[in-house]
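The primary structure of each chain is shown beneath.
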Amino acid sequence: MSFEPRDPDYARRVRECFDAQPVMATLGAALDEVAPGRCSITLAWRQDITQQDGFLHAGVLATLADSACGFAAFSLMPADARVLSIEFKINMLSPAVGPRFLARGEVIRAGRNITACRGEVFAVDENATKAVAAMQATMMTVRG
């Protein structure tokens, strides 16, 4: 799908908002791609963000997918708006194992106040990219 951002300076706003999120810094996540209605975030595997079997923790997967969806939605919002997640569902598809993870968010439908998104998280290594989580999310445009 192709979307027109309401703010021509959307990429700067998305990057500034991403940089202002302490949780992204805590995880060591990096903003990779920003485009109208799309966003991707990368994360390197670390022992301290895994669960008992060494897989990336489900909460970390959800955080990555939620943020990718949120920033995808935010890229289409007016310059004076903020973004807020109001609902999501996530499916863990496979154990999250790998040296690196890539979360992609994309807008399905952008409304004036509510935006529907889908997100995916992939485990990435030099030989393969494997889907480990899928999300359906709803974001709200917050003004003022």
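Note that the coordinates shown come from a computational prediction; the quantities given were computed from them, not determined experimentally. (Residues numbered from 1 in each chain as written. Predicted model: local features only at pLDDT ≥ 70, side-chain atom pairs only at ≥ 80, totals over all residues. Heavy atoms only, no water.)

Some words on the overall build of the protein
The helix and strand inventory of the protein stands at 3 helices and 6 strands. Helices (α) and strands (β) of the protein occur, in sequence order from the N terminus, as α-α-β-β-α-β-β-β-β. A compact globule built from 144 residues should have a C-alpha radius of gyration of about 15 Å, and the protein, at 15 Å, falls within 12% of that. Buried residues in the protein amount to 46% of all 144 residues. Intrachain contacts of the protein at a sequence separation of at least 6 include 64% that bridge at least 24 residues. On the protein, roughly 7,300 Å² of surface is accessible, and the fraction owed to carbon and sulfur atoms is 53%. The averaged location of the 16 negative side-chain charges in the protein is 6 Å from the averaged location of its 15 positive side-chain charges. (Helix = DSSP H or I, 4+ residues; strand = E, 2+ residues; numbered from the N terminus. Rg over C-alpha atoms; globule rule 2.2 N^0.38 Å. Buried < 20%, exposed > 50% of the residue type's maximum accessible area, 1.4 Å probe, protein only. Contact = heavy atoms within 4.5 Å. Areas by Shrake-Rupley, 256 points an atom, 1.4 Å probe, with all protein chains shown as cover. Lys, Arg positive; Asp, Glu negative; His and termini not counted. Charge placed at Lys NZ, Arg CZ, Asp CG, Glu CD.)

A closer look at the sheet that holds strand β3 (residues 81-92)
A sheet is described by the order of its strands in space; here 6 strands give the open sequence β1-β2-β4-β5-β6-β3, paired in antiparallel fashion. The open sheet has two free edges, formed respectively by β1 (30-35) and β3, since each of these has just one partner strand. Within this sheet the neighbouring strands show an average axis-to-axis angle of 20 degrees, counted without direction. Where strand β5 (residues 114-124) meets strand β6 (residues 129-143), 11 bridges bridge the pair, whose relative direction is antiparallel. Its bridge partner lying in β6, C117 is registered against A137. Along the sheet face, helix α1 (residues 10-19) touches β1, β2 (38-44) and β3 and points at about 160 degrees away from the line of β1. Of the strands in this sheet, β2, β3, β4 (100-110), β5 and β6 are in contact with helix α3 (residues 58-74), which crosses β3 at around 140 degrees. (Pairing = 2+ DSSP bridges. Axes fitted to C-alpha atoms, helices over the stretch in contact; angles between N-to-C directions.)

Comments concerning the state of the cysteines
Considering all chains together, one arrives at 0 disulfides under this definition. Of all cysteine sulfurs in the structure, the one in C39 sits closest to C17, which takes part in no disulfide; the separation is 10 Å. Residue C17 is classed as buried on the basis of its relative accessible area, which comes to 14%. As a non-bridged cysteine, C39 has C69 as the owner of its nearest cysteine sulfur, 9.1 Å distant. Judged by its relative accessible area of 2%, C39 falls in the buried class. (Disulfide = S-S within 2.5 Å.)

Description of the side chain of T42
Locating T42 in the fold gives a position in strand β2. Leaving out residues up to four positions away in the same chain, T42 has contacts with G28, A29, A30, D32, R100, F101 and L102.

Concerning the pairing of β4
With 7 bridges connecting them, β2 and β4 associate as antiparallel partners. Along β4, the bridge assignment pairs I41 with A103. One ladder, built from 10 bridges, connects β4 with β5; its direction is antiparallel. Residue pairing across strands places A103 opposite V121, the latter belonging to β5.

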